[in-house]
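Inside the fold
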Protein chains: 4
Amino acid sequence: MSEHSLMVAMRDPKYTKELIDETALRLFVEKGIAETTIRDISSAAGIAEGTLYRHYVSKEHLAWELFSKNFTAFAVELDQLHRKHDTLKAKIDATIRHYCTFFDKDPILFSYLLLELHGQLRKVTPDMPNPVTVLRRFIGEGMARGEIPRKDREIAAAMVLGVVLHVAVSKVYGRTKQSLTALADSIVAAAWRVLEA
Amino acid sequence: MSEHSLMVAMRDPKYTKELIDETALRLFVEKGIAETTIRDISSAAGIAEGTLYRHYVSKEHLAWELFSKNFTAFAVELDQLHRKHDTLKAKIDATIRHYCTFFDKDPILFSYLLLELHGQLRKVTPDMPNPVTVLRRFIGEGMARGEIPRKDREIAAAMVLGVVLHVAVSKVYGRTKQSLTALADSIVAAAWRVLEA
Amino acid sequence: MSEHSLMVAMRDPKYTKELIDETALRLFVEKGIAETTIRDISSAAGIAEGTLYRHYVSKEHLAWELFSKNFTAFAVELDQLHRKHDTLKAKIDATIRHYCTFFDKDPILFSYLLLELHGQLRKVTPDMPNPVTVLRRFIGEGMARGEIPRKDREIAAAMVLGVVLHVAVSKVYGRTKQSLTALADSIVAAAWRVLEA
Amino acid sequence: MSEHSLMVAMRDPKYTKELIDETALRLFVEKGIAETTIRDISSAAGIAEGTLYRHYVSKEHLAWELFSKNFTAFAVELDQLHRKHDTLKAKIDATIRHYCTFFDKDPILFSYLLLELHGQLRKVTPDMPNPVTVLRRFIGEGMARGEIPRKDREIAAAMVLGVVLHVAVSKVYGRTKQSLTALADSIVAAAWRVLEA
DNA sequence: AATGAATGAGAGTTCATTCAT
DNA sequence: CATGAATGAACTCTCATTCAT
């Protein structure tokens, strides 16, 4: 008990929240949000149940913050990234490589954003930075510049995203062994062919 | 009350199960499985809570049967469908149109199969008929016949599925107005360009 | 278990709510509302915890309904009662005897209304029938008719109520052995002398 | 933060306890003891949660000390006060005026003693100085001296106390505007008439 | 003395499931 | 087959209390 108290007292408060985030994220992806209990999270993280509530007001808020913060951050990154490039081709290339890098760096977080999208999307407000919106916008701008044939921007963005995300899904389910980074070239090529159609 | 009892007594037993299926499916898609209670389903269907247990042994079985029966049936349909065609091009065309028709005919069921895939996939056994498997197989056979360049069959199937399903997702979220059937031509074209890459 | 199930199934639904009311009322008075748990109530009543929630949406609602229904009913009774009499003297006499009879008939309920008055009074809206209001009104009318000297009606009502209720308090705390009904004559006499002052 | 620490360091330790008492008393009366959390008290007092435990071993002790110390002190005051007078009439007069002065000087404390009486009374031991006991005793002595008609001392004390306390209650609930001191004459008159009956 | 993050027992509440009718 | 009151395990969340600083 004294040893435990010692550990508790020594724990960096910053680390506690990160520990919760990490543990919750992993369990949410492994078992689903509803199937993960507060006890699951706290015991896996080695903290008391009450401690979680010092950092998040509820389980729902935890799930939402984990989603929205990372979702928004990723969208902002995409937005900043595509501005560094002039042609649609270069933007698409950079965007897809960013997706691939993200996946390989943190597959659990990527999976969470991918798989919980539907569940959390009810709360996504139109004014929140959103990867789909970013993609649709610069694809539309590329069309306007005549880089690719004109078509429905929404559909085009959906198809490009579908190509990228479904390879990710294939990897999440263990059907694909290669890293997404290793597959980036062929994903970019496929996406570009979709846009050129 | 007697009138109500009369109605209950007169209810076609077949219809009760269909009513449960329909109601549960809609609520599962609207709110998620965990967020839908037995009471939600029974009150929306106008039946007693206990009645549901005459048709399904548990809520979990209900969700699973709704998923697996339709998932399997769709896979079987795809399997039978592609056999009617000889070339990969024709198979892809027919398969994608089948997806589109399915979506337009029963968007709720389609959404359920699409969105609950992750949650239910833990229970999908490798021996169950599976749309992905069917697709991957006939794409592989098309490659073997030299109809398209050789590449990873798994990745190719994932990309094709991604193109189709993400347009569906776009429609589920109301970002696309047109019916999937109306979009079938461009989806087929995009998928084919992906395979030709 | 089968015996228990049998008892459960045989329980008159009307009786279940009455059982909850009775048990909760007793425990609330014995230990206080906050100190009484749902488990205390359900186990003392011999029902499951969930059963309580078929009848009341929350513990707070239970406490409030137990209070407000009886509080209002008693006020309505007092209101109807005093109308049967013409003189203030007769009204005071009847009112006090009604208090005494109520106490002797259901000391627990009386104690609840008396002791939880402060806690629940935050929720008592001015438009709810209220014993104090009734009393103040007919005392005021008696003054207007010249039956007693003019004075502040509110203070007069408070004093009369104080005389009655503090004898009840004395009895609740076991300091007085006689029944309130037996004491009614002297309470009436005291109250009347207060009004005549 | 350093400024705050400075302020904390400068705080007179005597003042901290008084601050806790004052804040707790106010919140206990406003919301009830059970409904007031340690955090409510500490944040309203501008101290840390742990600080409270430097002064009281528990919340229960805090509530009890706040009650018993003041309850006892008031009883002792009443006891000393009535000894200064010879006749029951004078004792009653002085006692009631003391109640009124107390109320007007510290209505919150008065309310606490009045309203939490029931909750805390379980812990009031018979040997503790007690206003009711004091009152009952000197009323009994007055009867023995033939100042008022013989009757049940307990009931007589309850009635007198009822007259006083219910006017206080009326004021606590905002139904009476005048100060209790301003009402003292009429309260004394009413109480005396009750005893003369 | 004062702090406040951490604790964890225990509270209120939910809801899938049962079963006598 | 249908009913729905009753069940109780299990959940989320609260909050008095501790203790290293």
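Note that the structure is a prediction, hence the values are computed from the model and not measured.

A look at the overall build of chain A
Within chain A, the secondary structure is distributed over 11 helices and 0 strands. Secondary structure elements of chain A occur, N-terminal to C-terminal, as α-α-α-α-α-α-α-α-α-α-α. Referenced to the eigenvectors of the C-alpha coordinate spread, the extents of chain A come out at roughly 70 × 35 × 30 Å. Taking all 197 residues of chain A together, 49% fall into the buried category. In chain A, the share of contacts with a sequence separation of at least 24, taken over all contacts with a separation of at least 6, comes to 69%.

Section: the protein's contact with DNA strand F
Residues in close proximity to DNA strand F total 40 residues, the closest being B:Thr51, C:Thr16, C:Thr51, C:Arg54 and D:Ile38. The sugar-phosphate share of atoms of DNA strand F within 4 Å of the protein amounts to 69%. Between DNA strand F and the protein, one listed contact pairs a base nitrogen with a side-chain N or O atom of C:Arg39 at 3.3 Å. Side-chain polar atom of D:Tyr53 to a phosphate oxygen of DNA strand F: 3.0 Å apart, as the coordinates give it. In terms of residue class, the surface near DNA strand F is made up of 11 nonpolar, 17 polar and 12 charged.

Observations regarding the interface of chain B and chain A
Counting residues at the interface gives 37 residues for chain B and 37 residues for chain A. The interface formed by chain B and chain A contains 4 salt bridges. Measuring nitrogen to oxygen at the nearest pair gives 3.1 Å for the salt bridge that ties A:Glu154 to B:Arg175. Remark: the boundary between chain B and chain A carries 10 residue pairs in polar contact (both at pLDDT 80 or more). Counting residues per element, the ones that place at least two in the side of chain B that touches chain A are α2 (13-31), α8 (117-121), α9 (131-144), α10 (153-172) and α11 (180-196) of chain B. Ranked by residue count, the leading element in the side of chain B that touches chain A is α10(B), at 11 residues.

What to know about the packing of aromatic side chains
Scanning the model with the defined rule gives 36 aromatic pairs over all chains in all. Taken together, a centroid distance of 6.1 Å and an interplanar angle of 25° make the contact between C:Trp64 and C:Phe67 stacked. One end of the pair, C:Trp64, and the other, C:Phe67, are both in helix α5 (residues 59-83), 3 residues apart, so they sit about a helical turn from each other. Since its relative accessible area comes to 18%, C:Trp64 is described here as buried. An aromatic cluster of at least three residues, connected via ring pairs, comprises A:Phe28, A:Trp64, A:Phe67, A:Phe71 and A:Tyr112. The cationic tip of A:Lys17 hangs over the ring face of A:Tyr56; the distance from NZ or CZ to the ring centre is 4.8 Å.

Re the relation of the copies chain B and chain A
Mapping chain B onto chain A is achieved by rotating through 180° and translating by 0.0 Å along the same axis, at an RMSD of 0.1 Å. What the rotation and shift describe, once combined, is the action of a two-fold rotation axis. The position closest to the rotation axis in chain B is occupied by the C-alpha of B:Gly162, lying 2.0 Å away.

Here's the deal with the side chain of A:His118
On the secondary structure map, A:His118 appears in helix α8 (residues 117-121). A residue is classified by how much of its surface remains accessible, and A:His118, at 19% relative accessible area, is buried. Residues contacting A:His118, with those up to four places away along its chain left out, are B:Val29, B:Leu115 and B:Tyr173.

Remarks on the side chain of C:His82
All names here are of chain C. Tracing the backbone shows His82 in helix α5. For His82, a relative accessible area of 3% translates into the label buried. Not counting residues within four places of it along the chain, the set of residues in contact with His82 comprises Lys91, Val134, Arg137 and Phe138.

Topic: the protein's contact with DNA strand E
Lining the immediate environment of DNA strand E, one finds 40 residues, of which A:Thr51, A:Arg54, B:Ile38, C:Tyr53 and D:Thr51 sit closest. D:Thr16 is positioned such that a nitrogen or oxygen atom in its side chain is 3.0 Å from a phosphate oxygen of DNA strand E. Listing elements by their share of the surface near DNA strand E, those giving two or more residues are α1 (2-10) and α4 (49-55) of chain A, α1 (2-10), α3 (38-45) and α4 (49-55) of chain C together with α4 (49-55) of chain D. The residue inventory of the surface near DNA strand E, partitioned by class, reads 11 nonpolar, 17 polar and 12 charged.

Examining the pattern of salt bridges
Within the structure shown, the criterion is met by 48 salt bridges over all chains. Here C:Glu30 makes a salt bridge to C:Arg26, at a shortest N to O gap of 3.5 Å. A residue pair is termed a helical-turn pair when its members lie 3 or 4 positions apart in one helix, as C:Glu30 and C:Arg26 do in helix α2 (residues 13-31) at 4 residues. Residue C:Arg26 is classed as partly exposed on the basis of its relative accessible area, which comes to 32%. In this structure, C:Arg97 engages C:Asp185 in a salt bridge whose closest nitrogen and oxygen atoms are separated by 2.8 Å. With C:Arg97 in helix α6 (residues 88-105) and C:Asp185 in helix α11 (residues 180-196), the pair connects residues that are 88 residues apart, well separated along the chain. Since its relative accessible area comes to 30%, C:Arg97 is described here as partly exposed. One salt-bridge network, held together by shared partners, links A:Asp79, A:Arg83 and A:Arg137.

Each value, and the rule that gives it
Residues numbered from 1 in each chain as written. Chains lettered and ligands numbered in written order. Predicted model: local features only at pLDDT ≥ 70, side-chain atom pairs only at ≥ 80, totals over all residues. Heavy atoms only, no water. Helix = DSSP H or I, 4+ residues; strand = E, 2+ residues; numbered from the N terminus. Buried < 20%, exposed > 50% of the residue type's maximum accessible area, 1.4 Å probe, protein only. Contact = heavy atoms within 4.5 Å. Near = heavy atom within 4 Å. Polar contact = N/O pair within 3.5 Å; in protein donor to acceptor, adjacent residues only side chain to side chain. Nonpolar A, V, L, I, M, F, W, Y, C, P; charged D, E, K, R; others polar. Salt bridge = Lys/Arg side-chain N within 4 Å of Asp/Glu carboxyl O. Phe/Tyr/Trp six-rings, centres within 6.5 Å; stacked < 30°, edge-to-face > 60°. Lys NZ or Arg CZ within 6 Å of the ring centre and 35° of its normal. Least-squares fit on C-alpha atoms with pLDDT ≥ 70 in both.

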